[in-house]
Amino acid sequence: LRLSGGDAVAAPAQCHARYHSEYDGVAVVWGDKNVVADAAACCASCEAHATAATAEGRTACNAWVFCGDAKACGSKLGHCWLKHTQDPSLPGHASHMWTAGAILPPGKTALDFRIAARERRAAAH
């Protein structure tokens, strides 16, 4: 099961990229410190951060947000925010100028996260 929604973005399938979307989460790398050419490069930056951070025991990137619309982004053009969110399978929220995606852990699917969320909700009641 892939994450759903939106027009196709020029990025690998494992990036789960969507136009006009933004993920919430804790910034692990600020966008102005990580300027890249496109959504695929932003996703690759998130993957590289996740690998390094995991090896070092730091909070790893699992969601990314890229500003690629020159008119809407202005001085933020190319900014690539790397984030960590509790559930990277959630689609984020609508945003006119951002393209966003998520990196799911190896062997995990969006369905795995949805099942875990249901189980957390059931245990809370």
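Within every chain, residues take consecutive numbers counted from 1 along the sequence as written. Whole-chain, interface and lining totals are the exception, using all residues; otherwise, since this is a predicted model, local features are given only for residues with pLDDT of at least 70 and side-chain atom pairs are given and counted only at 80 or more. Excluding hydrogens and water, the side-chain values take into account all heavy atoms of the structure.

Undergrad: Explain the confidence of the model for the protein here, please?
TA: Interpretation of this model should avoid reading the predicted coordinates in detail wherever pLDDT is low. Every residue gets a pLDDT, meaning the predictor's confidence in that residue, from 0 to 100. Mean pLDDT for the protein: 85, with 90% of residues reaching 70 or above. Segment residues 1-5: pLDDT under 50, and 16 contacts once partners within four positions in sequence are set aside and those in other chains are kept. Two residues qualify as a contact provided that any one of their heavy atoms is within 4.5 Å of a heavy atom in the partner residue.

Undergrad: What exactly am I supposed to notice about the state of the cysteines here?
TA: Structurally, a disulfide amounts to a covalent bond that connects the sulfur atoms of two cysteines. For this text, the term disulfide refers to a pair of cysteine sulfurs within 2.5 Å. Tallied over the full model, the rule gives four disulfides. Across the disulfide, cysteine 46 is cross-linked to cysteine 61 (sulfur-sulfur distance 2.0 Å). Note on the cysteine 46 and cysteine 61 pair: the S-S dihedral is about -105 degrees, so by sign convention the disulfide is left-handed. Of this pair, cysteine 46 sits in helix α1 (residues 39-56) while cysteine 61 sits in the loop between α1 and β3 (63-67), placing them 15 residues apart in sequence. As far as the burial class goes, cysteine 46 and cysteine 61 line up, both buried. Strands are runs of DSSP state E lasting at least 2 residues, helices are runs of H or I lasting at least 4, and numbering of each runs from the N terminus. Under the scheme applied here, a residue whose accessible area is under 20% of the maximum for its type counts as buried, over 50% as exposed, and between as partly exposed, the area being computed with a 1.4 Å probe on protein chains only.

Undergrad: Is there a simple way to explain unusual backbone geometry in this structure?
TA: For residues besides glycine, phi is generally negative; the peptide bonds are generally trans as well. For histidine 16, which is not glycine, the phi torsion reads 50 degrees and is therefore positive. Tracing the sequence through the fold places histidine 16 in the segment before β1 (18-22). Overall, histidine 16 belongs to the buried group, its relative accessible area being 10%. For histidine 20, which is not glycine, the phi torsion reads 55 degrees and is therefore positive. Considering the arrangement of structural elements, one finds histidine 20 in strand β1. Judged by relative accessible area, which is 49%, histidine 20 ranks as partly exposed.

Undergrad: Help me understand α1, please; the structure alone is not making it clear to me.
TA: Turn by turn, an α-helix covers 3.6 residues, leaving residues three or four places apart pointing in a common direction. A helix is expected to span 1.5 Å multiplied by its residue count minus one. Spanning 18 residues, α1 covers 26 Å between terminal C-alpha atoms, matching the ideal 26 Å at 1.5 Å per step. Those residues of α1 not exposed but buried are Ala39, Cys42, Cys43, Ser45, Cys46, His49, Ala50 and Ala53. Considered in projection along α1, the buried side chains sweep an arc of 155 degrees and stay on one side of the axis. Exposed side chains of α1 directed beyond 90 degrees from the buried face belong to Thr51 and Ala55. Buried residues along α1 sit against β2 (26-29), β3, β4 (80-84) and β5 (93-102). An arc is given here, and it is the one of the directions from the helix axis to the C-beta atoms.

Undergrad: Sorry, what's going on with the environment of leucine 104 here?
TA: Structurally, leucine 104 is set in the loop between β5 and α3 (110-124). Exposure remark for leucine 104: the relative accessible area of 13% places this residue in the buried category. Through-space distance from the C-alpha of leucine 104 to that of glutamate 47 is 9.8 Å; in sequence the pair is 57 residues apart.

Undergrad: Explanation requested: the sheet that holds β1 in the structure shown.
TA: Two strands in a sheet stick together by hydrogen bonds in their backbones, pointing the same way (parallel) or opposite ways (antiparallel). Each pair of strands is called paired provided DSSP finds at least two bridges between the two strands. Ordered by their spatial adjacency, five strands build an open sheet running β1-β5-β3-β4-β2, and the pairing between neighbours is antiparallel. Edge positions in the open sheet fall to β1 and β2, since each of these has one partner strand only. Here the average twist between neighbouring strands, direction ignored, is 50 degrees. Here an axis means a line fitted to C-alpha atoms, over the contact stretch when the element is a helix, while the angle between two N-to-C directions is reported on a 0 to 180 degree scale. Taken strand by strand, α1 contacts β2, β3, β4 and β5, and its axis lies near 150 degrees from that of β3.

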